[in-house]
Amino acid sequence: MMSNLKLAVEVVRAHNLLPKDGQGSANACVELHFDDQKFRTTVKEKDLDPFWNETFYFNVSNAIELQNLTLEAYVYNINNKATNSKSSLGKVRITGTSFVPYSDAVVFNYPLERGGIFSRSRGELGLKVYIIDDPRITSSSAGPLPNMMPPNSSSYSSLHTIEEQLPLPPQRVEEAIPDISGSKGKKGSRRTLYNVSNSNNEQQQQQQQQQQPPFSMQSHQTMQYGVDEMRGGPQVPPGVRMYPGSSSQPTDFMLKETSPVLGGGQVVGGVVKRSEKKKSSVYDLVEPMQFLFVRVVKAAELPWMDTTGSLDPYVEVRLGNYKGFTRHFEKTKNPEWNTVFTFSKDRLQASVLEVVVMDKDLIKDDFVGIVRFDLNEIPTRVPPDSPLAPEWYRLEDEKGEKVKKGELMLAVWMGTQADEAFSDAWHSDTASPVDGSIPLAHIRSKVYHSPRLWYVRVNVIEAQDLVLYERNRLPNVHVKVQIGSQVWRTKAVQAQTANAWWNEDMMFVAAEPFDDHLVLLVEDRVGPNKEEILGKVFVPLATVERRADDRIIHSKWFNLQKPNTTEVEEPKKDKFSSRVHLRICLDGGYHVLDESTHYSSDLRPTAKQLWKPPIGVLELGILNADALTPMKTRNNRGTSDTYCVAKYGLKWVRTRTITDNLNPKYNEQYTWEVFDPSTVLTIGVFDNSLIGEKGPANGTNKDVKIGKVRIRISTLETGRVYTHSYPLLVLHPSGLKKMGELHLAIRFSCTSMLNMMSLYSRPLLPKMHYIRPLSVAQLDTLRYHAVNILAARLSRAEPPLRKEVVEYMTDADSHLWSMRRSKANFLRLMSVFNGIFSVGKWFGEICVWKNPITTVLVHILFSMLIFVPELILPTLFLYMFLIGAWNHRFRAKYPPHMNIRLSCADSALPDEIDEEFDTFPSGRSFDLVRMRYDRLRSVAGRIQTVVGDVASQGERIQAVLSWRDPRATVIFMAFCVVAAVVLYVVPLQLLIVAAGMYGMRHPKFRHRLPPVPVNFFRRLPARTDSML
């Protein structure tokens, strides 16, 4: 029986190699020798710190003799690829006693030894060596070194990151690396790497790779890998370009640029190619869709049908299997409906339209009359043509003969979604064949306007002449202030008299129109959890004074009403009563935050007199959704009843609900005025839970979220049309899921470029946020109440925007704790500092003279800047200008979208996701909550250590002159005297140049020990020894 034991060697990277090409660099590769088997990595040109990340598998011929075998890794510089001439950069020898199983293997940096007597070497080679026993990894002859590889050996090379540190599945031999540049065969494309052979044999190797699979599958299925898979990335449909969010974004989650034919013409590269034959249309960002419109206006002189002489008429519009109904009227011969029906031309199932007048009865509806239309004879209307005038049509009986009485006023025409009647019409593609009890208004498209929100500031100053129920004790009085569900209390004051003083400010949120009253209750705490009401005050919010700045509002005295009072009473001048001193106002100078400040769609203050004119117009075309995940089951198949919601500023829009369709086409266009470019448009897709087999489609009776897209206005170029297909990503308790794709067309038009540019110099929020700022805790609480008020108002509209929709669109739970978000924010912070780390690394290379020519040039530039200091700032700003000009070539051609790697959504552990979806307070078991608490304590312990270390460094600085360590203080004082004399005698520029030259001195003059100032600083005392 053949042994399955393999020795796996991951060649990760090399560091600080010796330059060999005469230009301060090297063309490095690694050759691995083990048990008469030899493999070579790819050649990394012009790189002294190359990365390979390639894995090789060696057959172990005799497992008993494994400890006596040796793995040798030779690092070579390829001088000439044609002749395969090479020179040694060093080698590494690893004995068999160091081979460990995969679970114990780590990447280890081995120092390079000299490859020969007369050769030199330096640097390190990072290898991960382990033993693996996997029968799925079989022998393969894909790409051996010429005349070096025995026929029974196998090798495997792949691209993967160091952080993964997991064995790749043997059946997969290719990994997707998104192509940023869009070109084939370059860095970032999908490639399948094999061991590199001589360039003369490349064509022969490609033929072998097409004919022979690199691995034998466990299921004995072979896979062919052709030249296309070797060269290019994933196959993309014609007219579609894929854009990854970053270099690590998976292919399936890329943004796709499309070139659809819209109402204004075909979009190519963000420019609309208008056709001469097409007329200009307001709806130029959506695909024109043809609809059959039927307007049923009224009927006249209908015949009586019942024996009692009554008639309850309604109209039924039939077109194939689609039927639309008007409401019925009781006992009338001349009803008026004025209802519009639309039928999608793509779904027309008949050539004759039938409009039937019926009589509503308890048992069976009676036939009154019918009007038929041939679809080939229906006229076409194109806005801005005037609406088609309705006409009277004589009713016919079932045989097609004219009836004696009865006429029906109708208008029938072919049009598009640009028609004025489209928004209020009954739509065939939104009709619900499974549940006729759903109101038509609940599946129509609609535009909503958010109520204007105000901050209510209540300053409770004092109370006088309080009447107590118990006079033998001192009162413990506080004031409870309430607006709707918002309740705040002042601190309890133990009054020595019948008067009490607080002078406390409270903030509330209220929405226009002001339906609620401001209610104040003066309460006396007579015992634990027992309070007695001393009086009430009702203040109608409509009567409260409004202000748009920080001017002083005059305070007022309010008489306390009896505790059992439930409404506002007229004050009586002659009647004595207790009273409370208040200062109340509606603060219109703030912007009421109902969204997260990171992606707010509106930043204007509440007071309209402070609004500035708009700077542009934002147009959104919601085209269609593709490959949606089924949200419910109907007729033993998965389906969805979806609609889209878009929010920007005070305006919300909702598309019509497309029923029973996983690839719905909306083709609806909306427009917003833009007042600030630093705002975000949010589009969400939801499944309508009201439509199901029998009422609600799910037990929770909530609209299910399918995904959302955020687009920041400042990232859009003016005048360009962005047509992209956005992946809809949702994090479920089971993990990250792609729910489908949403196809959008977006255009931002600027009315005044000068006004838009001037906004970048103004504060982001209204000035009241800076003059009288609110605390972070206040803003979080007020935002929570603002979202609740907004959800309550919008849920009462028709069709309603339900609470779960509003919360999802405004990210109401973004402030809750999440281990995944914490990791993502930490990685974002590290990426911010990567620039500083890169500069530090570059300066370190300068100091060690890695490239002598660059180091000498830096010395010269440094000396010039010091002796001519007026060039420092101009050089710095000119350098930043050149960086910006260079980066203009690589600017993003698409709006940013959701990035799963940036969000750590693809690497989150199941327990972390479950914790993120946990309720507040937690509903999990005690043991699970304890485990999570212990984990949080561990994370907090590390943060505590870092904070303590930072504090220790600051305390050491304070200890220099505080005489906590007298000897250290004396040394520093002596140094200060010497430094003062030297700085007075020697020119400052000369000292700076000398210090710079000393810092960048050659490595021959360096020591591995820390410098003297660092040693002195680390010996200074901190206050850690005084902590318990």
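Everything numeric in this text was worked out from a predicted model, so none of it was measured.

When its secondary structure is counted, the protein chain shows 14 helices and 43 strands. Looking at the protein chain as a whole, 44% of its 1028 residues are labelled buried. Contacts in the protein chain between residues far apart in sequence, at least 24 positions, make up 68% of those at least 6 positions apart. Counting every atom, the protein chain has about 55900 Å² of accessible surface; 56% of that belongs to carbon and sulfur.

Here the structure, examined in full by the defined rule, presents 21 aromatic pairs. For the pair Y648 and W672, a centre-to-centre distance of 6.5 Å together with 75 degrees between the ring planes defines the contact as edge-to-face. Here Y648, found in strand β37 (residues 642-648), pairs with W672, found in strand β39 (residues 665-674); they are 24 residues apart in sequence, far enough to count as distant. Judged by its relative accessible area of 3%, W672 is buried. Over the ring of Y643 we find R654; its NZ or CZ atom is 3.9 Å from the centre of that ring. Against the face of Y808 rests K708, its NZ or CZ located 4.4 Å from the ring centre.

With that settled, the discussion passes to the sheet that holds strand β11 (residues 261-262). Spatial strand order, β11-β12-β13: three strands in an open sheet with antiparallel pairing. Unpaired on one side and paired on the other, β11 and β13 (271-273) mark the two borders of the sheet. Bridge count between β11 and strand β12 (residues 265-268): two bridges; the pairing is antiparallel. Across the sheet, residue V261 finds its bridge partner in β12, namely Q266.

The subject of this paragraph is the packing of helix α5 (residues 776-794) against helix α6 (residues 803-810). Axis separation between α5 and α6 bottoms out at 9 Å; the angle between their running directions is 140 degrees. Taken together, the axes of α5 and α6 lie oblique to each other. Once α5 is placed against α6, the crossing between them reads as right-handed. Contacts between α5 and α6 involve R783, V787, N788, L790, A791 and L794 from the first element and K803, V806, E807 and T810 from the second.

Here the focus is the confidence of the model for the protein chain. Overall, the predicted model of the protein chain reaches an average pLDDT of 81, with 84% of residues at or above 70. Element-level mean pLDDT values for the protein chain span from 33 in helix α2 (residues 227-231) up to 95 in β37. When the criterion is pLDDT under 50, residues 139-239 qualifies, and its contacts beyond four places in sequence or with other chains add up to 177 contacts.

Looking now at the side chain of R381. For R381, the position within the fold is in the loop between β19 (366-374) and β20 (391-396). Looking at R381, its side chain comes within polar contact range of the side chain of D419, at 2.6 Å. Excluding residues within four positions of it along the chain, R381 makes contact with S386, P387, L388, W413, M414, G415, D419 and E420.

Here five strands make up an open sheet; going across it, the order is β23-β38-β37-β40-β41 and the pairing antiparallel. Either end of the sheet is taken by a strand with one partner, and the two such strands are β23 (446-449) and β41 (704-712). Each strand of the sheet is rotated relative to its neighbour by a mean of 15 degrees, with strand direction disregarded. By the bridge criterion, six bridges tie β37 to strand β40 (residues 680-687) in an arrangement that is antiparallel. Residue pairing in the sheet places T642 in a bridge with D687 of β40.

Take the nonpolar core next. Generally speaking, soluble globular proteins have nonpolar side chains that are buried together. If you look at the biggest cluster of nonpolar residues, it comprises 49 residues, and the most contacted ones within it are L618, L620, W652, W672, L742, L744 and I746. The contacts of L742, once residues within four sequence positions are left out, are I622, N624, A625, C644, I683, V685, H724, S725, Y726 and L728. The next biggest cluster of nonpolar side chains, apart from the first, holds 32 residues, and it includes V458, V493, V522 and L541.

Moving on to the pattern of salt bridges. A full pass over the atoms with the stated rule returns 58 salt bridges. For E316, the salt bridge identified is with K323, shortest N-O distance 4.0 Å. On the accessibility criterion, E316 (6% relative accessible area) is buried. Residue classification places K323 among the partly exposed positions, given a relative accessible area of 46%. Salt bridges sharing common partners tie together E316, R318, K323, E354, R372, E396 and K402.

A full pass over the atoms with the stated rule returns seven cavities of 30 Å³ or more. Size it by volume and the largest cavity reaches roughly 180 Å³. Around the largest cavity sit 18 residues that line it, and L453, H591, V592, D602 and L650 are the ones nearest its centre. Within the lining of the largest cavity, the residues separate by chemical class into seven nonpolar, five polar and six charged.

To continue, consider the environment of L728. Within the secondary structure layout, L728 lies in strand β42 (residues 721-732). Residues L728 and L742, 14 residues apart in the sequence, show an inter-C-alpha distance of 6.7 Å. Setting aside anything within four residues of it in sequence, one finds L728 in contact with L628, V685, I706, G707, K708, V709, K737, K738, M739, G740, E741 and L742.

What follows is about unusual backbone geometry. What is expected of a backbone is that most residues other than glycine have negative phi and most peptide bonds are trans. Of note, the amide linkage connecting E512 to P513 takes the cis form, showing an omega dihedral of -10 degrees. On the secondary structure map, P513 appears in the loop between β28 (500-511) and β29 (517-527). Residue P799 is reached from E798 by a cis peptide bond, and omega for that bond is -5 degrees. In this structure, P799 sits in the loop between α5 and α6. Although it is not a glycine, N16 sits at a positive phi angle of roughly 60 degrees. By the element assignment, N16 lies in the loop between β1 (5-15) and β2 (28-34). Positive phi, close to 50 degrees, is recorded for A627, a residue that is not glycine. Along the chain, A627 falls in the loop between β34 (616-626) and β35 (632-634). Residue class for A627 comes out exposed when judged on its relative accessible area of 56%.

A few words on a nonpolar patch on the surface. Among the surface-exposed residues, F826, L827, L829, M830, V832, F833, I836 and F837 lie close enough to one another that they form a single nonpolar patch of about 770 Å² accessible area. Structurally, F826 is set in helix α7 (residues 819-847).

A regular strand carries its side chains on alternate faces of the sheet. Extensive coverage of strand β15 (residues 313-319) is indicated by the burial of six of its seven residues. Where β15 lies against strand β18 (residues 352-359), six bridges are found, and the strand directions are antiparallel. Bridge pairing in β18 links Y314 to M358. Pairing analysis gives four bridges linking β15 to strand β16 (residues 322-325), with the strands arranged antiparallel.

Our focus in this paragraph is the packing of α7 against helix α8 (residues 852-867). Packing of α7 against α8 leaves a shortest axis separation of 9 Å and a crossing angle of 100 degrees. Taken together, the axis directions place α7 and α8 in an arrangement best described as roughly perpendicular. For the pair α7 and α8, contact is made by W842, E845 and I846 and by T854, T855 and V858, respectively. Partitioned by chemical class, the residues of the contact of α7 with α8 number three nonpolar, two polar and one charged.

Before going further, it helps to spend a moment on the side chain of S25. Mapped onto the elements of the fold, S25 is located in the loop between β1 and β2. A residue is classified by how much of its surface remains accessible, and S25, at 9% relative accessible area, is buried. Here the side chain of S25 touches D47 through a polar contact of 3.0 Å, landing on its backbone nitrogen.

Let us now look at α8. Under the 1.5 Å per step criterion, the end-to-end length of α8 is 23 Å for 16 residues, consistent within 8% with the ideal 22 Å. For α8, every residue scored as buried is listed here: T855, V858, H859, S863, L865 and I866. Buried residues of α8, seen end-on, are gathered within an arc of 165 degrees and therefore sit on one face of the element. Those residues of α8 that are exposed and aimed more than 90 degrees away from the buried face are I853 and L857. Packing partners of the buried residues in α8 comprise α7, α9 (872-887) and α13 (988-999).

Rules of the game
Residues numbered from 1 in each chain as written. Predicted model: local features only at pLDDT ≥ 70, side-chain atom pairs only at ≥ 80, totals over all residues. Heavy atoms only, no water. Helix = DSSP H or I, 4+ residues; strand = E, 2+ residues; numbered from the N terminus. Buried < 20%, exposed > 50% of the residue type's maximum accessible area, 1.4 Å probe, protein only. Contact = heavy atoms within 4.5 Å. Areas by Shrake-Rupley, 256 points an atom, 1.4 Å probe, with all protein chains shown as cover. Phe/Tyr/Trp six-rings, centres within 6.5 Å; stacked < 30°, edge-to-face > 60°. Lys NZ or Arg CZ within 6 Å of the ring centre and 35° of its normal. Pairing = 2+ DSSP bridges. Axes fitted to C-alpha atoms, helices over the stretch in contact; angles between N-to-C directions. Parallel < 35°, antiparallel > 145°, perpendicular 65-115°, else oblique. Left-handed = near helix turned anticlockwise from the far one by under 90°. pLDDT = per-residue confidence, 0-100. Polar contact = N/O pair within 3.5 Å; in protein donor to acceptor, adjacent residues only side chain to side chain. Core = buried A, V, L, I, M, F, W, Y, C linked by side-chain atoms within 4.5 Å. Salt bridge = Lys/Arg side-chain N within 4 Å of Asp/Glu carboxyl O. 1 Å grid on protein atoms, 1.4 Å probe; cavity = no way out; pocket = protein on both sides within 12 Å on 5 of 7 lines; lining within 4 Å. Points joined across faces, edges and corners; volume = space filled by probe spheres on them. Nonpolar A, V, L, I, M, F, W, Y, C, P; charged D, E, K, R; others polar. Patch = residues over 30% accessible without salt bridge, like charges linked within 9 Å, V, L, I, M, F, W, Y side chains within 5 Å. Expected span 1.5 Å × (residues − 1). Arc of directions from axis to C-beta.

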